[in-house]
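Given next are the chains, with one letter for each unit.
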Amino acid sequence: MNSNNFFSFSRFYRLLRNDILLNHKKYLLTIVGGFIMGFIVMYLYMPNLIQQPYSNSSFNAQRYSSLFIMCLFGLGAFVGSAFSELSNKVKISNYLLVPASTFEKFLSQFTIRVVAGTIIFLVIFWVDAHLARIAVLSRIEGLNGQLAGPEKYDYIKKFHWSMFLIKSNYPTVTNWRLFEGIGFILTFFSAGMFLFSVKIFFRKLGLIKTGIALVATLYLIMVIMVCFSHLFYPETKGFSTGNIDYMLSNGYTNNDIFQYSIAYLAPLFLLPLGYFKLKEKQL
Amino acid sequence: MINIQNVSFHYKKKSPLFNDFSLEVESGHIVGLLGKNGAGKSTLLNLISGLIQPNAGKINVNGFVPFNRNPNYLADVYMVPEEFAFPPISISTYVKAFSPLYPNFDYHKLYDIFEEFELQPTANLNKLSHGQRKKFLIAFALSTNCKMLVFDEPTNGLDIPSKSQFRKIMVSSVSEEQLVIISTHQVKDIDTVIDKVVVIEDGQIIYQENINEITLKLYFDLVPSLAGIENVLYHEICPLGHKIIVPATDGNESSIDLELLFNAIINKTINSPLTHLPKDRETATK
């Protein structure tokens, strides 16, 4: 097979250019909207009144992590709107006949929605986190003036990415280990890939159908777990699962390994599945 | 060229639309694909374009299997669908976005056709009327210089002057290396454009002939009455008398009345290859 039929850099560039020319206003509005929404969410989420007793770690790494996960839903919505041309019959026919390979079409959406989307999301999050902190701190001062100088600025910690390296600060500060850190990132990536392919699989009501598919998948996993429990632990009764948690020599529990295996392996299935579904897409 | 061999196709949960369907068309033709509603014209265009996959049989267009959607194949095929949607952008932005994807795109031809169709490149596509948007798509399609151009109902929504402009532009813009397929119900709109007629019904080709062959074999006329006219293959009553089709004799040639021919074919009065049917099978349409 001629590799030019599969991928050509100049054709890929023209396809990216095509997408940006057609959708630049939409993307610009999404960035501006995301920036404003992010700021509002963060501003409201950050404490605007000093709690008594005062603790200088009121808004710390863990609160930023919760905020980050909350904001990831916005990125999820952007990623989930990939392949918007596949929403109706007329647009599908135009899209499928665009002179580019299926791989280039898939990769261009991945580049714009996932790669560029994630980078822009991270920049927006960083800027919003700093702006919201400054806005909230100035408001705190205006309200009661209890704190001044460095104390005030410590009340809401300054955001920096290294905060996310902390897994927990209770009872002692622990950092993510590489395996679980990557697993954690891949869990979000898998969820992103699930959303990325929504339009390829479902023409209408994509998010609802995806939700149903997700529930069905979880239910299927539960059913398999129940079956295995009955098979390997005959004492299991009814629909309960014999899910025994035990520590392995590497410091992980069996359930950790199970969860991380899903996180590591899911993108390997989801990406090719989306690609081949797009390749076989018919009007 | 298009080579379709023994193709079968049916939509999900529907009865077969094509069964053992075959068709071969060489490049250098403008083919009129005619048929009644539901005959399978649009489906055939979708099969040829690679938008759907046949259930059985082989389709080969310019050396490619359409459904593989090879990028080199797609760069040489342009389809103007019956229904279309545009993003809210100007004509010039659309051209800037899509023209680089077609290696043989001719900007001079595009702007010449724009002038002919009175289209402004600065106009927003979504603010144009349906007819203007169709004219833009026709202009863009012809400017791609693709080896195969597929038009599904191209004259729907065009006003009368635009229809004649369409015919003029079509004839002057298409080269010998190209194959153009026009599927339409508006047979009168394309009668001076096409050089080959293919009529399909119930997923089968019921008539296939070159226009010059038809003019050699059939004579189209308008007569006040049928009295004294022999060998009438088909006739229809019209305000001025009768429109008739008779076998051409002594090298007499006439302009083809495509609508009359189509009705004659659909009413099984004329078959391909042309046969003269007994008079009792003539059908008069009132």
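Reading the values: the criteria
Residues numbered from 1 in each chain as written. Chains lettered and ligands numbered in written order. Predicted model: local features only at pLDDT ≥ 70, side-chain atom pairs only at ≥ 80, totals over all residues. Helix = DSSP H or I, 4+ residues; strand = E, 2+ residues; numbered from the N terminus. Buried ≥ 20, exposed ≤ 12 C-beta atoms within 10 Å, placed from the backbone. Contact = placed C-beta atoms within 7 Å. Rg over C-alpha atoms; globule rule 2.2 N^0.38 Å. Axes fitted to C-alpha atoms, helices over the stretch in contact; angles between N-to-C directions. Parallel < 35°, antiparallel > 145°, perpendicular 65-115°, else oblique. Nonpolar A, V, L, I, M, F, W, Y, C, P; charged D, E, K, R; others polar. Pairing = 2+ DSSP bridges. pLDDT = per-residue confidence, 0-100. Domains from an automatic or database assignment. Core = buried A, V, L, I, M, F, W, Y, C linked by C-beta atoms within 7 Å. Left-handed = near helix turned anticlockwise from the far one by under 90°.

Asker: Lay out the overall build of chain A with the relevant residues and their values.
Answerer: When you go through chain A residue by residue, the secondary structure sums to ten helices and two strands. Overall, chain A is about 70 × 60 × 35 Å in size when its C-alpha atoms are taken along their principal axes. Residues classed as buried in chain A amount to 23% of the 283 residues present. A sequence separation of at least 24 residues applies to 73% of the contacts in chain A between residues at least 6 apart.

Asker: Provide a residue-level description of the overall build of chain B, including the pertinent values.
Answerer: If you tally the helices and strands in chain B, you get nine helices and 13 strands. Taken over C-alpha atoms, the radius of gyration comes to 20 Å for chain B, in line with the 19 Å a tight globule of 286 residues would show. Expressed as lengths along the three principal axes of its C-alpha atoms, the size of chain B is roughly 65 × 45 × 35 Å. When the 286 residues of chain B are sorted by exposure, 41% land in the buried category. Contacts in chain B between residues far apart in sequence, at least 24 positions, make up 68% of those at least 6 positions apart.

Asker: Can you explain the packing of helix α5 (residues 130–143) of chain B against helix α6 (residues 160–173) of chain B? Please cite residues and give values.
Answerer: Residues and elements named next belong to chain B. Where α5 contacts α6, the two axes come as close as 11 Å, and the packing angle between them is 5 degrees. Overall, the two elements α5 and α6 adopt an arrangement that is roughly parallel. Of α6, the residues touching α5 (which contributes G131, K135, I138 and L142) are S162, F166, I169 and S173. Residue composition of the contact of α5 with α6, by class: four nonpolar, three polar and one charged.

Asker: Give a detailed account of the interface of chain B and chain A, specifying residues and quantitative values.
Answerer: Every contact between the two is made by 26 residues of chain B and, on the other side, 18 residues of chain A. Mapped by element, the contributors of at least two residues to the side of chain B that touches chain A are α1 (41–49), α2 (71–74), β5 (77–80) and α3 (91–98) of chain B. For the side of chain B that touches chain A, the residue count by class is 17 nonpolar, six polar and three charged.

Asker: So what's going on with unusual backbone geometry? Which residues, and what values?
Answerer: Residue and element names in this part refer to chain B. Here the phi dihedral of N62 falls at roughly 50 degrees; this positive angle occurs in a residue that is not glycine. Mapped onto the elements of the fold, N62 is located in the loop between β4 (56–61) and α2. The phi angle at E118 is positive, at roughly 55 degrees, despite the residue not being glycine. The class of E118 is exposed, set by 11 C-beta atoms lying within 10 Å.

Asker: Any chance you could break down the sheet that holds β4 of chain B for me, citing the residues and the numbers?
Answerer: Residues and elements named next belong to chain B. A sheet is described by the order of its strands in space; here three strands give the open sequence β2-β1-β4, paired in antiparallel fashion. Two strands lie at the open edges of the sheet, namely β2 (18–25) and β4, each paired on one side alone. Along the sheet, successive strands turn relative to each other by an average axial angle of 15 degrees, direction set aside. Of the strand pairs in this sheet, strand β1 (residues 2–9) and β2 are connected by five bridges, and their pairing is antiparallel. Within the sheet, the bridge partner assigned to N3 lies in β2 and is E24. The strands touched by α1 within the sheet are β1 and β4, with β1 carrying the most contacts at an inclination of about 120 degrees.

Asker: Give me the confidence of the model for chain A: which residues, what numbers.
Answerer: Here chain A shows a mean pLDDT of 85. Residues at 70 or above account for 92%. Mean pLDDT across the elements of chain A bottoms out in helix α6 (residues 150–155) of chain A (70) and peaks in helix α2 (residues 9–45) of chain A (95).

Asker: An account of the domain arrangement of chain B is needed here, citing residue identities and associated values.
Answerer: For interface size, the figure often reported is the accessible area lost on association. Residue and element names in this part refer to chain B. In terms of domain boundaries, chain B breaks down into domain 1 (2–202) and domain 2 (211–285). Centre-to-centre separation of domain 1 and domain 2, based on C-alpha positions: 30 Å. The interface of domain 1 with domain 2 comprises eleven residues on the first partner and seven residues on the second. When residues of the side of domain 1 that touches domain 2 are traced back to their parent elements, those giving at least two are α7 (187–190) and β8 (196–201). The element that contributes the greatest number of residues to the side of domain 1 that touches domain 2 is β8, accounting for four residues.

Asker: Go over the nonpolar core, please, and point to the residues and values.
Answerer: Counting 86 residues, the largest nonpolar core has V31, A139, I181, I182 and I245 of chain B as the members making the most contacts within it. The dominant element in this core, judged by the number of residues it contributes, is α5 of chain B, at seven residues. Setting aside anything within four residues of it in sequence, one finds I181 of chain B in contact with V31, L33, L45, V150 and F151 of chain B. Of all hydrophobic cores here, the second largest spans 33 residues; its members include F125, A129, F194 and F196 of chain A.

Asker: Outline helix α9 (residues 258–266) of chain B, supporting the account with residue identities and numerical values.
Answerer: The complete set of buried residues in α9 of chain B reads L258, L260, L261, F262, A264 and I265 of chain B. Looking at the residues trailing α9 of chain B, positive phi occurs at K268 of chain B, about 60 degrees.

Asker: Could you give me a rundown of the packing of α2 of chain A against helix α3 (residues 61–80) of chain A, with the residues and numbers involved?
Answerer: Two quantities define a packed helix pair, namely the angle between the helix axes and the distance between the axes. Residue and element names in this part refer to chain A. Packing of α2 against α3 brings their axes to within 11 Å, and their N-to-C directions diverge by 160 degrees. Judged on the interaxial angle alone, α3 and α2 are roughly antiparallel. Crossing handedness for the pair α2 and α3: right-handed. For the pair formed by α2 and α3, the contact residues are T30, G34, M37, G38, V41, M42 and Y45 on the first element and L67, M70, C71, G74 and F78 on the second.

Asker: I'd love a proper account of the sheet that holds β8 of chain B, names of residues and values included.
Answerer: All names here are of chain B. Strand order in the open sheet made by the six strands is β5-β6-β7-β3-β8-β9, with mixed pairing throughout. The open sheet has two free edges, formed respectively by β5 and β9 (204–210), since each of these has just one partner strand. With strand direction ignored, the average angle separating the axes of adjacent strands in the sheet is 15 degrees. The pairing of strand β3 (residues 30–34) with strand β7 (residues 179–183) spans four bridges and is parallel.

Asker: Could you give me a rundown of the environment of H29 of chain B, with the residues and numbers involved?
Answerer: All names here are of chain B. You can see H29 is positioned in the loop between β2 and β3. In sequence terms H29 and G50 are 21 residues apart; their C-alpha atoms lie 20 Å from each other. Ignoring sequence-local partners within four residues, the contact set of H29 consists of L179, D195 and K196.

Asker: Kindly report on the environment of S15 of chain B, identifying the contributing residues and their values.
Answerer: Residue and element names in this part refer to chain B. In this fold, S15 is placed in the loop between β1 and β2. Classification of S15 as exposed rests on a count of 8 C-beta atoms within 10 Å. Through-space distance from the C-alpha of S15 to that of F262 is 25 Å; in sequence the pair is 247 residues apart.

Asker: An account of α1 of chain B is requested, with residue identities and associated values reported.
Answerer: Among the nine residues of α1 of chain B, eight are classified as buried, and the element is accordingly described as predominantly covered. Following α1 of chain B by one or two positions, G50 of chain B has its phi on the positive side, about 95 degrees.

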